[in-house]
Amino acid sequence: MLYIVATPIGNLDDVSKRALETLRSVDFILCEDTRVTKKLLNHFKIESKMISYHEHSKLTKMDYIAELLGNKKTLALVSDAGTPGISDPGNRLIEYLLSLMPDLEISPIPGPNAAVSALSISGFPTDEFLFLGFPPHKKGRETFFKDFATEKRTVVFYESPHRILKALEQLEKFLSPDRRLVICRELTKMFETIYRGNVGDIRSRLAESEICGEFVVVIHG
Ligand code: SAM
């Protein structure tokens, strides 16, 4: 049995009771970064053993995980924050394990996700939305933003603190001033800030402040 366990995106109180029970009961926890997960486990006094599994993990590591599952061990996969598999490691492992063990039971323990949290407070239509993960760093970055100009659905994407201002500058070239945005910074954390307005307004407000933390950008369709 493999559990895919969502963990907090900042505030540790957002962890679910089921997530804690699962992490406590499994034989091993597969962690994106054992140092990050260790903090969560220490906080909740969970002593389960950890195994590192990240996006660069080799086939031998995935074979080892398959072997554990084959030996009837129960495992939980977590990422550093939020829901594994959503712009985080998990999908490649699941696909590989299912190719070896098509009957493997995989069960989600749902919980926090930065994109869905941002959408939930946006006030923008969410009957349909387009989630795009992170913009490309170089090749294709301009086109990534350009396509939003004509996108009818609400768009949501992640951006790093180092690139958020640059992203807004690029967006400003393509979005009309009446196009509304919501930018969520440090959701669930002490310095949570929600910026609402057009791209130009938000860019100047952000430029005046210290750029730190994590960001989700939501654009009205
Ligand atoms: N799997 C995660 C999830 O379920 O949301 C996303 C992982 S992705 C590698 C990390 C990105 O998510 C950050 O760069 C940021 O864009 C966004 N993010 C994560 N936590 C956040 C938070 N507390 N506030 C705002 N954005 C956050």
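Quick note: structure is the one above.
Let us look at the structure shown here.

The rules behind each value
Residues numbered from 1 in each chain as written. Predicted model: local features only at pLDDT ≥ 70, side-chain atom pairs only at ≥ 80, totals over all residues. Heavy atoms only, no water. Pairing = 2+ DSSP bridges. Helix = DSSP H or I, 4+ residues; strand = E, 2+ residues; numbered from the N terminus. Axes fitted to C-alpha atoms, helices over the stretch in contact; angles between N-to-C directions. Contact = heavy atoms within 4.5 Å. Salt bridge = Lys/Arg side-chain N within 4 Å of Asp/Glu carboxyl O. Buried < 20%, exposed > 50% of the residue type's maximum accessible area, 1.4 Å probe, protein only. Near = heavy atom within 4 Å. Polar contact = N/O pair within 3.5 Å; in protein donor to acceptor, adjacent residues only side chain to side chain. Areas by Shrake-Rupley, 256 points an atom, 1.4 Å probe, with all protein chains shown as cover. Nonpolar A, V, L, I, M, F, W, Y, C, P; charged D, E, K, R; others polar. Arc of directions from axis to C-beta. Parallel < 35°, antiparallel > 145°, perpendicular 65-115°, else oblique. Left-handed = near helix turned anticlockwise from the far one by under 90°.

**Focus: the sheet that holds strand E8 (residues 181-185)**
Within the open sheet, the five strands sit side by side as E6-E7-E10-E8-E9. Their pairing is mixed. Of all the strands in the sheet, just strand E6 (129-131) and strand E9 (193-197) have a single pairing partner and so form its edges. Going across the sheet, the axis of each strand differs from the next one's by a mean of 15°, ignoring polarity. Two elements, strand E7 (residues 154-159) and strand E10 (residues 215-219), share five bridges in a ladder whose sense is antiparallel. When the sheet's bridge partners are listed, Val156 is paired in E10 with Val218. Where helix H8 (residues 199-208) meets the sheet, it contacts E8, E9 and E10, and its direction lies at approximately 145° from that of E9.

**Concerning the sheet that holds strand E5 (residues 106-109)**
An order of E3-E2-E4-E1-E5 is seen for the five strands of this open sheet, with the pairing classed as parallel. Strand pairing shows two members of the sheet lacking a second neighbour, strand E3 (49-52) and E5, which therefore form its edges. Each adjacent strand pair in this sheet contributes to an overall mean axis angle of 25°, direction not counted. By the bridge criterion, three bridges tie strand E1 (residues 2-5) to strand E4 (residues 75-78) in an arrangement that is parallel. Across the sheet, residue Ile4 finds its bridge partner in E4, namely Leu77.

**Looking at the pattern of salt bridges**
Under the counting rule described, the total for this entry stands at eight salt bridges. For the salt bridge of Arg35 with Asp33, the shortest nitrogen-to-oxygen distance reads 2.8 Å. For Asp33, a relative accessible area of 17% gives the class buried. Put simply, Glu151 and Arg153 hold a salt bridge, and the shortest N to O gap is 2.8 Å. Under the relative-accessibility criterion, Arg153 is labelled partly exposed at 32%. Look at the salt bridges and you will find they share partners, linking Glu186, Lys189 and Glu214 into a network.

**Examining the site of the ligand**
As a matter of local geometry, the ligand sits amid 19 residues, with Thr83, Ile86, Asn113, Ala114 and Phe215 nearest to it. A distance of 2.8 Å separates a nitrogen atom of the ligand from a polar atom in the side chain of Asp88. Backbone polar atom of Ala114 to an oxygen atom of the ligand: 2.8 Å apart, as the coordinates give it. Protein chains shield 91% of the accessible area of the ligand, which is 580 Å² for the free molecule. Secondary-structure elements contributing two or more residues to the shell around the ligand are E7 and E10. Looking at the shell around the ligand, its residues break down into 10 nonpolar, four polar and five charged.

**Remarks on unusual backbone geometry**
Residue Ser87 is not a glycine yet carries a positive backbone phi of 50°. The topology assignment puts Ser87 in the loop between E4 and helix H4 (91-100). Residue classification places Ser87 among the partly exposed positions, given a relative accessible area of 34%.

**Topic: helix H5 (residues 114-122)**
The complete set of buried residues in H5 reads Ala114, Ala115, Ala118, Leu119 and Ser122. An end-on view of H5 places all buried positions within 130° of arc, on one side of the element. Buried residues in H5 make contact with E6, E7, E8, E9 and E10. Of the residues trailing H5, Gly123 is marked for its positive phi of about 80°.

**Digging into the packing of helix H7 (residues 164-174) against H8**
Close contact between H7 and H8 brings their axes to 9 Å; oriented N to C, the two are set at 155°. Our classification of the angle between H7 and H8 gives roughly antiparallel. As H7 packs across H8, the resulting crossing turns out to be left-handed. Here Ile164, Leu165, Leu168, Glu169, Leu171 and Glu172 of H7 lie close against H8, whose contacting residues are Val199, Gly200, Ile202, Arg203, Leu206 and Ala207. Considered class by class, the residues forming the contact of H7 with H8 number eight nonpolar, one polar and three charged.

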